[in-house]
Amino acid sequence: MMPDLATVRQIEAVGFRAWPATSVHYDGTWAIRMTAAHPSKRLNSINPLDPADIRDIPVRVERAAQRFRAYGRRPVFRLSPLSPPELDDYLASKGWGRFDETIVMTADLAAMDFTATIDQIPLRDVGRFVDASLKVHERDPALRPGLSELLNGIRPVKGMFVIEDDGRPVSVALCVHDGAMAGLFDIGTSSKSRRNGHARAVVASALKWASKHGAKTAWLQIETANAPGRALYEGFGFGEIYRYAYRESPES
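What you are looking at is a predicted structure, and each value in this text was computed from that prediction instead of being measured. (Residues numbered from 1 in each chain as written. Predicted model: local features only at pLDDT ≥ 70, side-chain atom pairs only at ≥ 80, totals over all residues. Heavy atoms only, no water.)

1. A look at unusual backbone geometry
Which entries qualify depends on this criterion: Helix and strand assignments follow DSSP, with helices taken as H or I runs no shorter than four residues and strands as E runs no shorter than two, numbered in order from the N terminus.
Not every positive phi belongs to a glycine, and D100 is a case in point at roughly 50°. Relative to the assigned elements, D100 resides in strand β5 (residues 97-108). Of note in this structure, D186 is not a glycine but carries a positive phi near 55°. Within the secondary structure layout, D186 lies in strand β8 (residues 181-189).

2. Considering helix α2 (residues 57-70)
Convention followed: Multiplying 1.5 Å by the helix residue count minus one yields the expected span of that helix. Only protein chains enter the area calculation, which uses a 1.4 Å probe; residues under 20% of their type maximum are buried, those over 50% are exposed, and those in between are partly exposed. As used here, the arc is the angular range of directions from the helix axis to the C-beta atoms. Residue contacts are counted whenever heavy atoms from the two residues lie within 4.5 Å of one another.
The terminal C-alpha atoms of α2, which comprises 14 residues, lie 20 Å apart, in line with the 20 Å expected from a rise of 1.5 Å per residue. Buried within α2 are the following residues: I57, R60, V61, A64, A65 and F68. Seen end-on, α2 carries its buried residues on one side only, within an arc spanning 135°. Structural note: α2 exposes V59 and A70 on the side pointing more than 90 degrees away from its buried face. Residues of α2 that are buried in the fold lie against β1 (23-27), β2 (30-34), β3 (45-48), β4 (76-79) and α3 (85-93). In the segment just after α2, G72 is the residue with positive phi, at about 75°.

3. Quick look at the packing of helix α6 (residues 198-212) against helix α7 (residues 227-236)
Convention followed: Only the stretch in contact is used when fitting a helix axis, every axis being a line fitted to C-alpha atoms; angles between N-to-C directions are given from 0 to 180 degrees. To sort the angles, those under 35 degrees are grouped as roughly parallel, those over 145 as roughly antiparallel, those from 65 to 115 as roughly perpendicular, and the leftovers as oblique. By convention, the crossing between two helices is left-handed when the near helix turns anticlockwise from the far helix through less than a right angle, and right-handed when the turn is clockwise. Ten residues, namely Ala, Val, Leu, Ile, Met, Phe, Trp, Tyr, Cys and Pro, are considered nonpolar, four, namely Asp, Glu, Lys and Arg, are considered charged, and the remaining ones, Gly among them, are considered polar.
Orientation of α6 relative to α7, taken along the N-to-C sense of each, is 45°, at an axis distance of 11 Å. Classified by the interaxial angle, the pair formed by α6 and α7 is oblique. α6 and α7 meet at a crossing whose hand is right-handed. On α7, the residues touching A199, R200, V203, A204 and L207 of α6 are L232, Y233 and F236. Per-class residue counts for the contact of α6 with α7 are seven nonpolar, no polar and one charged.

4. Some words on the packing of aromatic side chains
In this description, an aromatic ring pair is defined by two values, namely the gap between the centres and the angle between the planes. Convention followed: Think of it this way: a Phe, Tyr or Trp ring, Trp meaning its six-membered ring, pairs with another when their centres are within 6.5 Å, and the plane angle makes it stacked under 30 degrees, edge-to-face over 60, tilted otherwise. Comment: the charge-over-ring label is applied if NZ (Lys) or CZ (Arg) is within 6 Å of the ring centre and within 35 degrees of the ring normal.
Across all of its chains, the model carries eight aromatic pairs by this definition. Ring geometry for F77 versus W96: centroids 5.5 Å apart, planes at 70°, classification edge-to-face. Residue F77 is found in strand β4, and its partner W96 is found in the loop between α3 and β5; the two are separated by 19 residues along the sequence. We note that F77, like W96, is buried. Here Y244 and Y246 contribute two aromatic rings whose centre-to-centre distance is 5.8 Å and whose plane-to-plane angle is 85°, an arrangement assigned as edge-to-face. Both residues of the pair, Y244 and Y246, belong to the buried class. One aromatic cluster is present, built from ring pairs that chain together W19, F185 and W219. We note R33 situated over the ring of F16; from NZ or CZ to the ring centre the distance is 4.3 Å. The ring of W30 has R60 lying over it, and the distance from NZ or CZ to the ring centre is 4.2 Å.

Written out as structure tokens, the structure reads:
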């Protein structure tokens, strides 16, 4: 079933605000997002935002690709239901590989029961959250400045949640509250601490916080290959709204 494009546009808009790129350039309705300090695909991709915008596709693809080359990055398109099918067909014909299909899910916060959920106070210290996130996700410490810049650049209200065990971070979640919407990002649990309920606990705390602050709908993005994560979110009542995937240039 085709998703409602108005809903897709709403989620895409709050997603851009919640995960802000350093530079955004528009070519027609294509949003070209670039962030030199962080490698996230969502921060470094070409995002078409109107299925009817199909003019001069070959010329515009090359023009956008040149921007990525100037950054020393391989050009990447992020193709949601707002992308023209003609563009996807063109990229496929030129050998742009499709990868990392992602599901966007939403849930009604009013339908969730938070009576057993701890009222966890979110962190105010961006640096502390960044350190915890890097440890939990086992990421390169060199990403610290880029992630710090990203978090400091978020304009809507954000809640940064960390669960610790014996003084070490074991689970993290970022919740961005934007009007009626609350988006979940950077959710993770340390590989040595999984299957102990930490992920469920940190997600529940983040969602309860968002609900208490007036959010009505929660949303998140998860790769289709992440079956355990999908099961976790479905347990909270999340359901699929739409999917997107990436296409990467074949050039080296």
